[in-house]
Amino acid sequence: MDPDPERLHEFFGYAMRLRERAFGRRIGLCAIASAKSGCCSEDCSFCAQSMYYDTGAPEFDVVEPGAIAEQAKQAAESGASRFGIVASGFSPESKELDALVAAVRAARETGLSVDVSVGCLDARKIRELKAAGATGVHHNLETGPNFFPSICTTHDYEDDIAAVRTAKQSGVYVCSGGIFGLGERWEDRLELALTLRALDVDSVPINFLMPVPGTPLENQPMLSQEEALRIVALFRFVLPKAHLRIAGGRHAIFPGADRRRLYAAGASGVMVGDYLTRAGAPAAEDAEDLTAMGLEPEKVTVEAA
Ligand code: SF4
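- As named in an unreviewed UniProt entry, the chain is Biotin synthase, taken from Oceanidesulfovibrio marinus.
- Among the UniProt annotations of the chain, the heading Function (unreviewed entry) holds the following wording: "Catalyzes the conversion of dethiobiotin (DTB) to biotin by the insertion of a sulfur atom into dethiobiotin via a radical-based mechanism."

**With respect to the packing of aromatic side chains**
Right, on to step 1. This model, assessed by the stated rule, comprises six aromatic pairs.
Right, on to step 2. The interplanar angle of 45° and the centroid separation of 5.9 Å between the aromatic rings of F11 and F12 together place this pair among those described as tilted.
Right, on to step 3. Taking 5.3 Å as the distance between ring centres and 75° as the angle between the ring planes, the aromatic pair formed by F180 and F235 counts as edge-to-face. In this pair, F180 sits in strand β6 (residues 178–180) while F235 sits in helix α8 (residues 225–238), placing the two residues 55 residues apart along the sequence. Residue F180 shares its accessibility class with F235, and that shared class is buried.
Right, on to step 4. Grouped by ring-pair contacts, the aromatic residues F11, F12 and F237 constitute a single cluster.
Right, on to step 5. Its end group placed over the ring of Y173, R82 keeps NZ or CZ at 3.8 Å from the ring centre.
Right, on to step 6. Across from the ring centre of W186, 4.5 Å away, lies the NZ or CZ of R189, which sits over that ring.

**Quick word on unusual backbone geometry**
Right, on to step 1. In the Ramachandran plot, C39 falls in the positive-phi region, its phi being about 55° despite a non-glycine side chain.
Right, on to step 2. Its identity is not glycine, yet E142 carries a phi of approximately 75°, on the positive side.
Right, on to step 3. Structurally, E142 is set in the loop between β4 (134–138) and α5 (148–151).
Right, on to step 4. Given the relative accessible area of 14%, E142 is considered buried.

**Side note on the site of the ligand**
Right, on to step 1. Looking at the ligand, the residues that line it are C40, E42, C44, F46, C47, S50 and S88.
Right, on to step 2. Broken down by class, the residue content of the shell around the ligand amounts to four nonpolar, two polar and one charged.

Cut-offs applied
Residues numbered from 1 in each chain as written. Predicted model: local features only at pLDDT ≥ 70, side-chain atom pairs only at ≥ 80, totals over all residues. Heavy atoms only, no water. UniProt positions renumbered as here; feature names shortened; annotations may be inferred. Phe/Tyr/Trp six-rings, centres within 6.5 Å; stacked < 30°, edge-to-face > 60°. Helix = DSSP H or I, 4+ residues; strand = E, 2+ residues; numbered from the N terminus. Buried < 20%, exposed > 50% of the residue type's maximum accessible area, 1.4 Å probe, protein only. Lys NZ or Arg CZ within 6 Å of the ring centre and 35° of its normal. Near = heavy atom within 4 Å. Nonpolar A, V, L, I, M, F, W, Y, C, P; charged D, E, K, R; others polar.

Structure follows, in structure tokens:
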């Protein structure tokens with residue numbers, strides 16, 4: 001049954017008030033750089049980078065630190081306060097970890113808060129990246145535990161839970177969320193939100209599927225704006241104090257000024273600039289949105305590495 005539009009308006013209004021209570025006028029802007037792309041051993045059914053699917057996504061090993069530093073500089077210029085270094089794969093082996101450590105050191109030179117999104121990390125790997133200056137670890141659970149086996153068969157949900165738990169125990173900023181529009185039910189979305197709450201994560205990236213040709217989900221319809229907004233509001237109610245950062249699919253589902261509706265439904269952050277395998281939009285558009293809504297970019301203080 002479709003919800004009554006007035007009740008829905010009220011629902012979004014409460015979600016926005018919860019966002020204001022936790023963050024005031026501050027909106028977290030973050031940017032990412034792809035440090036290693038493609039050939040991933042995992043079979044996540046939405047992902048362009050899995051080795052199981054022929055998607056034409058770029059394939060490269062960990063890039064030189066100078067290239068990461070350049071992207072971090074651009075992220076800082078675009079107003080982002082957090083910068084994520086992303087690498088495909090289940091977990092980095094030692095040579096790859098060394099290259100990622102060098103990338104983190106290079107990115108820290110910009111003064112941004114540097115996060116890593118490089119697969120499942122044990123406590124030792126996190127210690128090494130932290131010693132290089134990483135302040136946060138990102139690792140998505142993607143969806144709820146019951147739906148997860150329908151989208152990934154090469155590892156277990158428990159592997160991802162353990163990675164998030166280890167990150168929390170390591171004392172870093174923990175960012176973990178998921179992707180929506182995979183064919184999951186509302187129950188799966190709620191289960192994901194409740195799992196993230198139980199793990200006490202600091203930040204929750206919310207991605208909306210943009211179907212990738214060549215993947216099993218290539219013909220999956222994209223979510224409507226209303227359904228996407230209801231997901232954001234649901235997560236705001238379950239996780240009132242966590243940053244909800246809207247990432248993949250934002251521009252595809254919310255063209256132009258429609259993007260602003262996300263803040264009015266409880267979102268407290270957005271990813272600016274390009275996505276991993278797709279172009280985003282100029283950061284100036286996000287700056288315009290914030291000004292138009294009386295919001296401002298959050299500043300993050302980073303201690304010297
Ligand atoms: S989502 Fe991550 S783990 Fe899954 S296939 Fe893509 S890069 Fe690999």
